[in-house]
Amino acid sequence: MKNLTEIALKNKDLVWYFIIITFIAGIVSYVQLGRMEDPPFTIRQMIVSASWPGASAQQMEEQVTDKLEKKIQDTVGLDYVKSYSSAGSTVIYVNLRQDVDNEKIRQRWQEVRNLCEDEKGNLPEGVYGPYYNDRFDDVYGSIYAVTGEGYSYEDLRKNAEKIRRLLLSLPNVQKISLLGEQTEKVYIEVENHKLAELGISPEIIANAIKTQNEMTPTGMVETKSDNIYLRITGKFKDIDAIKDLPINAGGKVLRLGDIAKVERRYSEPADPKMFFNGKPAVGVAVSMEPGGNILTLGDRLNDLIGKIKDDVPLGIEINKVSDQPAVVKDSISEFVSTLRESIIIVLVVSFLSLGVRSGLVVAGCIPLVLAGVFCGMYLLGIDLQKISLGSLIIALGLLVDDAIIAVEMMSVKLEEGYSRFDAACYAFRATAKPMLTGTLITCAGFIPVAFSKGMASEFCKSLFPVIAIALLLSWIISVMVAPLFGYYLIRIPNVKEKDEKKSISLEKVFYGYFKKMLIWCLNHRKLVIGLTIFSFIGAIFSLKFVRQEFFPPSLRPEILVALELPEGASLKASEDVSAQFSEFLNETKNEIDNYSYYVGEGAPRFVLTTSPKLPTDNYAQFVIVAKDVESREDLTKKIKQELAEKFPSVRTTLKFIQTGPPADYPIMLRVSGYDKNKVRELAGKVSNIVSQDPNNENVTLDWNEKSKVLHLILDQDKLRTMGITGQSVSNMLYMELSGMTVAQYYAGDRTVNIDLRLKNDDRQDLSKIKDIPIYLGSAGYVPLEQVAKITFEAEDGLIWRRNLKPTITVQADIKSGTANDATQKIYDETNELRNSLPLGYSIEVDGALSDSQKAIQFLSVPVPIMILVIITLLMFQLRDIKLVILTLCTAPLGLIGVGFGMLITDKSMGFVAQLGILALSGMIIRNSVILIDQIKKHLAEGEDPWDAVIDSAVLRFRPIMLTAAAAILGMIPLMKSTFWGPMAVAIASGLLIATILTLLVLPTMYAICYKIKK
């Protein structure tokens, strides 16, 4: 290898040029980098839906869901299919395996479309769909609520639509959706007795309305100069025109308004609604293009919204519901502060250990490396977000290692009398190759996260490139720039000539103690190895007591509260319950910044790590923004108490936003099988087991209740005698009760359906259902009870399936601890039940524990590649299989520190901590390489093996401990982080113990392996 230090010192101006260019490029790149809260990751889920009006949940399952699912099973790369069937509709979640490449996902979704379209012809007549949604991962980071006292929903919608069109003009805005829009309809409601009196069929009224307002072409006249279109009058221009429509009733011509009530109002039942601070609202949800700068977009949104506020009508308010730009700004500020603390700590270590001038050399290298990293991030399209910023802080403690080693060696040689040029060149010859090998090995420790599949690895993907760029740049800078800085800055007083150079004194007090300890270890080698093995086994055992957690909850102030009424409950009932809970929140407004809630559906995906709930009448979700994290905890306790006392019949869920892939409940166990009743029985047993643990609360099943239905047993003989069919009766009841769209009314940009149905009182009172008139043609009307027997029954209102089997999920909240530990404990307690399950039935973990297990499986796949790369690098460096094995034996020593460090700090062992442990092995091996390389040099100089081992350990004690101290202390600011804390503790504690053991145990193992004696 050419001496890069020599080249740099002989071309100082060129090196200075590139230093300046790198600084400028780094600053420009930093400004241009995108800003996000979380790194992007692909949600490999598509939704297929279909409807079949009039069908029960079981009919939907058997005739629609089952057929579509069987076809979808042929999709290449399919992981699993999950679905729920309810009365008249089905929703199927198609989930691809997490190892399917992102580039192939769109192709897979097209395959799903094609398969379902092929099956479409086999679906029953009257089925609408299937419909597809493969844009399920849009994130609406900025949400605004348009409210106004005294304004109607339509007024709010018009203002929201105006805002939407204005915001679409902003750069980097990808998509804007309106939330809580209420569909308008024109309802024509006829009373029971009037239909009977007039003796006309509802179809006559429907046909009269349809033919009057149907849009049909009238023609065009082509003249010599123009095309002249013919327009005829008669279309409905307003509600009065509909009221004035003539109806022929038994030879008499009546106005529609005389026999029916005609009104334009909101759809019944209502569409999903949005409320802000208890007030009806229409939301404007803004999604940003990938790679955009959320902070810049936030500034533009604030400016434009400020102008819009001055232009809206008096009384209209535009409120900020979700402000991701502000969250990202605070998050980046916090990380920059943490980065600043780490830099200060590393600099303090450098100045105290190396002196002011040598410390300045290291200090000058740090901003240069960071500038280079920002350039690399810009070129690779890596945004500033939680993972990339954390990676910078982790890299900071490592990137100064090479500079410290190079500067320390240069200082030593200057003390021995070398000239500045020769000392710098010697430092390269002595340290460059082992430093490069160590740097590559440290990078190799992050290979698993770089090349593993899965959502969790994709979430943390930017960890590897950021750290790898930082470490590789740090090596280049340590051999080319650090010597240049040192050439000008490092001064050693009273330097003697090279031929009078003196060696480093090994008799200093501290080194003396270390040397005595090392000699003791070499003389008691069996005891030392035994104690090390015992400590390692104890550390492995101690890991069983470390809390297990996939990803920790976020420190964002939002509290997500879901209210789920019994199956079959109406949207009106959900709205009433939500209003009651809203009153409680209004009483605690001093602790709340704001709150919004959504009735009939969940909140939109305002953070990538949340999962939106599809429209469901019996569901409502609150997003409560506390003043801060501290008040969030107090508010959570009050909310739990309020829900328990005032809403006992409502299934409630309270959770915080996660920092990683989401799960609905902390404890989730799936019970699957072929027979629904057997699955219910097994789910009940699992639920009892979960309930017996006092740490578990709010134990529920995701479906089990029956829905109320009115069962009509038609008298078929009587119907045939009267000349009508069961289908005619069904259609007539649907028109009279739910309302049938008979025409459309055009008002501005709105197309308003015109629905014909019975008057309110005649269709909402169950006692009057028997009196609903059934039209018999020339025979007039008869009450429903004369042609049908009416009974009350119950049926499945909801049926969940997974991979074609009915599946019930037992779910629960926990009072303390982590989701993984709680779920694993319950799963172990179901062991006896699982062993007695019939063929085809299963009880499996779901939620966070299932995701965690999958993530670890994916993460372990590239580990053999990591080991192979590390061994290959060691073989190139050491060229001795014995030395390679010795070096590899030091890698597990970090677990001794990890186990006790995690227990002492009470940190959880999660996915990020496991990444840290894998990376830790590379850091430990790096130190071992430096030590063994020094032993080889002493032996090559003819030194006695016993002295070579001791002198090498003493000589390399300072640089190894300095680099370890920089890495360990640099982790301290990260330990406060909820997300990065476990990894920081794992690396710091593991590296601390492993470094000490490397300096004592590795020489001992070397002495045993090569049978070295005094």
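Residues numbered from 1 in each chain as written. Predicted model: local features only at pLDDT ≥ 70, side-chain atom pairs only at ≥ 80, totals over all residues. Heavy atoms only, no water.

The protein chain is annotated in an unreviewed UniProt entry as Multidrug efflux pump subunit AcrB of Propionispira arboris.

**Brief notes about the domain arrangement of the protein chain**
Taken domain by domain, the protein chain comprises domain 1 (201-258 + 707-796), domain 2 (355-493), domain 3 (507-554 + 846-1013), domain 4 (561-657) and domain 5 (671-697 + 811-843). With centres defined by C-alpha atoms, the gap from domain 2 to domain 3 works out at 20 Å. Interface of domain 2 and domain 3: buried area, both sides summed, is about 3400 Å²; carbon and sulfur atoms make up 76% of it. Summed over the shared surface of domain 2 and domain 3, the result is two salt bridges. Close ionic contact of Arg926 with Asp402 constitutes a salt bridge, the shortest N to O distance being 2.3 Å. Taken together, the links from domain 2 to domain 3 amount to five residue pairs in polar contact (both at pLDDT 80 or more). For the side of domain 2 that touches domain 3, the elements supplying multiple residues, two or more each, are α13 (386-415), α14 (420-444), α15 (447-451) and α16 (455-459). Per element, the largest residue contribution to the side of domain 2 that touches domain 3 is 15 residues, and it comes from α13. (Domains from an automatic or database assignment. Buried area = accessible area lost by both parts, 1.4 Å probe. Salt bridge = Lys/Arg side-chain N within 4 Å of Asp/Glu carboxyl O. Polar contact = N/O pair within 3.5 Å; in protein donor to acceptor, adjacent residues only side chain to side chain. Helix = DSSP H or I, 4+ residues; strand = E, 2+ residues; numbered from the N terminus.)

**Considerations on the sheet that holds strand β7 (residues 184-190)**
Read from one edge of the open sheet, four strands run β12-β7-β24-β23, paired in mixed fashion. Taken across any chain shown, the strands that pair with only one partner, and hence form the sheet edges, are β12 (260-266) and β23 (740-747). Sheet twist, expressed as the average angle between the axes of neighbouring strands with direction ignored, equals 25 degrees. Of the strand pairs in this sheet, β7 and β12 are connected by seven bridges, and their pairing is antiparallel. In the strand pairing of β12, Glu189 is matched with Lys261. Lying on the sheet, helix α25 (residues 726-737) is in contact with β23 and β24 (750-758); it crosses β24 at an angle near 115 degrees. (Pairing = 2+ DSSP bridges. Axes fitted to C-alpha atoms, helices over the stretch in contact; angles between N-to-C directions. Contact = heavy atoms within 4.5 Å.)

**Side note on the environment of Glu549**
Looking at the element boundaries, Glu549 is found in the loop between α20 (525-542) and β16 (558-564). Residue Glu549 is classed as buried on the basis of its relative accessible area of 18%. Separated by 309 residues in sequence, Glu549 and Phe858 have C-alpha atoms that sit 17 Å apart. Within the local environment of Glu549, its side chain forms a polar contact with the side chain of Ser908, the two groups lying 3.4 Å apart. (Buried < 20%, exposed > 50% of the residue type's maximum accessible area, 1.4 Å probe, protein only.)

**Re helix α5 (residues 153-167)**
Here α5 contains 15 residues, and its C-alpha end-to-end distance of 21 Å stays within 8% of the 21 Å for a straight helix at 1.5 Å per residue. Among all positions of α5, only Tyr153, Glu154, Leu156, Arg157, Asn159, Ala160, Glu161, Ile163 and Leu167 are buried. (Expected span 1.5 Å × (residues − 1).)

**A short note on the nonpolar core**
Leu167, Leu463, Val561, Phe581, Ile624, Ile639 and Trp980 are the most contacted members of the largest nonpolar core, which has 213 residues in total. For this core, the element with the highest residue contribution is α13, accounting for 17 residues. (Core = buried A, V, L, I, M, F, W, Y, C linked by side-chain atoms within 4.5 Å.)

**Section: a nonpolar patch on the surface**
Residues Phe541, Phe545, Phe900, Leu903 and Ile904 make up a contiguous nonpolar surface patch of about 550 Å² in total accessible area. A total of three residues in the nonpolar patch trace back to one element, the largest contributor, which is helix α32 (residues 894-905). Tracing the backbone through its elements, the reader meets Phe541 in helix α20. For Phe541, a relative accessible area of 48% puts it in the partly exposed group. (Patch = residues over 30% accessible without salt bridge, like charges linked within 9 Å, V, L, I, M, F, W, Y side chains within 5 Å. Areas by Shrake-Rupley, 256 points an atom, 1.4 Å probe, with all protein chains shown as cover.)

**Digging into the packing of aromatic side chains**
With the rule as written, the count across this model stands at 29 aromatic pairs. Between the aromatic rings of Tyr597 and Phe622, the centroid separation amounts to 4.4 Å while the plane-to-plane angle is 20 degrees, which identifies the pairing as stacked. You can see Tyr597 sitting in strand β17 (residues 592-599) and its partner Phe622 sitting in strand β18 (residues 619-626), a full 25 residues away along the chain. Phe622 carries the same exposure label as Tyr597, and that label is buried. Taken together through their ring pairs, the aromatic side chains of Phe275, Phe581, Phe584, Tyr595, Tyr597, Phe622 and Phe647 make up a single cluster. The ring centre of Phe979 lies 5.3 Å from the NZ or CZ of Lys386, which sits over that ring. The cationic tip of Arg757 hangs over the ring face of Tyr187; the distance from NZ or CZ to the ring centre is 3.8 Å. (Phe/Tyr/Trp six-rings, centres within 6.5 Å; stacked < 30°, edge-to-face > 60°. Lys NZ or Arg CZ within 6 Å of the ring centre and 35° of its normal.)

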